[in-house]
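# Observations on chain architecture
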Amino acid sequence: MDAIVLLKEDHKVVEKLFKKFEKAGDKAYKDKRKLVDRIIFELTTHTYIEEEIFYPAARKRVPETTDHVLESVEEHHVVVWMLNELKNLDPKDERFDAKVTVLMENVRHHVEEEEKEWFPQVRKSMGRKQLQELGERMEKAKTDAPASPLAVKSAKQ
């Protein structure tokens with residue numbers, strides 16, 4: 001699979017989870033916990049493959065994306081710390097929904113920038129074969145992703 005297609009598919013999976021969370025009722029604590037646990041898993045895995053494989057390759061092959069990559073890593077830093085806080089936060093806590101809402105806003109902003117501003121640059125500069133090889137590596141690396149959001153590189157930077 002093409003690396004950019006893979007990342008966009010991940011974005012769609014997370015957006016569906018966000019929409020389910022937004023539709024869950026105020027008292028749907030069990031459903032919200034399950035959804036947030038899934039969001040944590042998906043975003044941690046996605047962040048890991050971006051930081052370990054996609055970003056370094058994009059930066060190397062398309063140097064003009066360096067500023068975008070650096071900004072994205074900073075956005076990841078904020079997101080993984082929020083994910084870590086949500087991991088142990090009771091869905092009945094008055095801050096739970098607010099924290100998830102801020103998380104969704106941050107992730108949606110990040111996705112929009114990636115998909116509209118710099119994925120097209122990467123696609124234009126990398127050949128189809130390179131993107132497919134990168135996508136295969138990323139798909140395989142998903143199994144190596146850490147369970148803890150704080151285990152990804154950006155959490156430590």
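Reading the values: rules and limits
Residues numbered from 1 in each chain as written. Predicted model: local features only at pLDDT ≥ 70, side-chain atom pairs only at ≥ 80, totals over all residues. Heavy atoms only, no water. Axes fitted to C-alpha atoms, helices over the stretch in contact; angles between N-to-C directions. Helix = DSSP H or I, 4+ residues; strand = E, 2+ residues; numbered from the N terminus. Parallel < 35°, antiparallel > 145°, perpendicular 65-115°, else oblique. Left-handed = near helix turned anticlockwise from the far one by under 90°. Phe/Tyr/Trp six-rings, centres within 6.5 Å; stacked < 30°, edge-to-face > 60°. Buried < 20%, exposed > 50% of the residue type's maximum accessible area, 1.4 Å probe, protein only. Core = buried A, V, L, I, M, F, W, Y, C linked by side-chain atoms within 4.5 Å. Contact = heavy atoms within 4.5 Å. Salt bridge = Lys/Arg side-chain N within 4 Å of Asp/Glu carboxyl O. Nonpolar A, V, L, I, M, F, W, Y, C, P; charged D, E, K, R; others polar.

## Description of the packing of helix α3 (residues 66-87) against helix α4 (residues 96-125)
- At a closest axis distance of 10 Å, the pairing of α3 and α4 adopts a crossing angle of 160 degrees. Here α3 lies roughly antiparallel to α4, going by the angle between them. In the crossing of α3 with α4, the sense of the turn from one axis to the other is left-handed.

## Here we look at the packing of aromatic side chains
- Inspection of every chain in the model, using the stated rule, returns 6 aromatic pairs.
- Between phenylalanine 21 and phenylalanine 96 the ring centres are 6.3 Å apart and the planes differ by 45 degrees, which places this aromatic pair in the tilted class. Placement of phenylalanine 21 in helix α1 (residues 3-23) and of phenylalanine 96 in helix α4 is noted, with a sequence separation of 75 residues between them.
- For phenylalanine 21, a relative accessible area of 5% gives the class buried.
- Phenylalanine 96 gets classed as buried once you look at its relative accessible area, which sits at 0%.
- A network of ring pairs unites the aromatic residues Phe54, Tyr55, Trp118 and Phe119 as a single cluster.

## So, the nonpolar core
- Leu7, Ile49, Phe54, Trp118, Val122, Leu134 and Met138 are the most contacted members of the largest nonpolar core, which has 25 residues in total.
- Those elements that provide at least two residues to this core are α1, α2 (29-61), α3, α4 and α5 (128-141).
- For this core, the element with the most residues is α2, which contributes 7 residues.
- Not counting residues up to four positions away in its chain, the partners in contact with valine 122 are Ile4, Phe54, Ala58, Val62, Thr65 and Leu131.

## Details of the pattern of salt bridges
- Across all of its chains, the model carries 14 salt bridges by this definition.
- Between glutamate 15 and arginine 108 there is a salt bridge, with its nearest N and O atoms 2.8 Å apart. Here glutamate 15 is found in helix α1, whereas its partner arginine 108 is found in helix α4, with 93 residues between them in sequence.
- The exposure class assigned to arginine 108 is partly exposed, which follows from its relative accessible area of 28%.
- Among the salt bridges present, the one from arginine 95 reaches aspartate 93, with a minimum N-O distance of 3.3 Å.
- A relative accessible area of 44% means that arginine 95 is categorised as partly exposed.
- What makes aspartate 93 partly exposed here is its relative accessible area of 26%.
- Residues participating in the shared-partner salt-bridge network are Glu15, Lys19, Glu22 and Arg108.

## Digging into the packing of α2 against α4
- At a minimum axis separation of 13 Å, α2 and α4 run at an interaxial angle of 30 degrees. Viewed along their axes, α2 and α4 adopt a mutual orientation that is roughly parallel. Of the two possible hands of crossing, α2 and α4 adopt the one that is left-handed. On α4, the residues touching Lys32, Arg33, Val36, Ile39, Leu43, His46, Glu50, Phe54, Tyr55 and Ala58 of α2 are Phe96, Asp97, Val100, Leu103, Val107, His110, Glu114, Trp118, Phe119 and Val122.
- Split by residue class, the contact of α2 with α4 holds 13 nonpolar, 2 polar and 5 charged.

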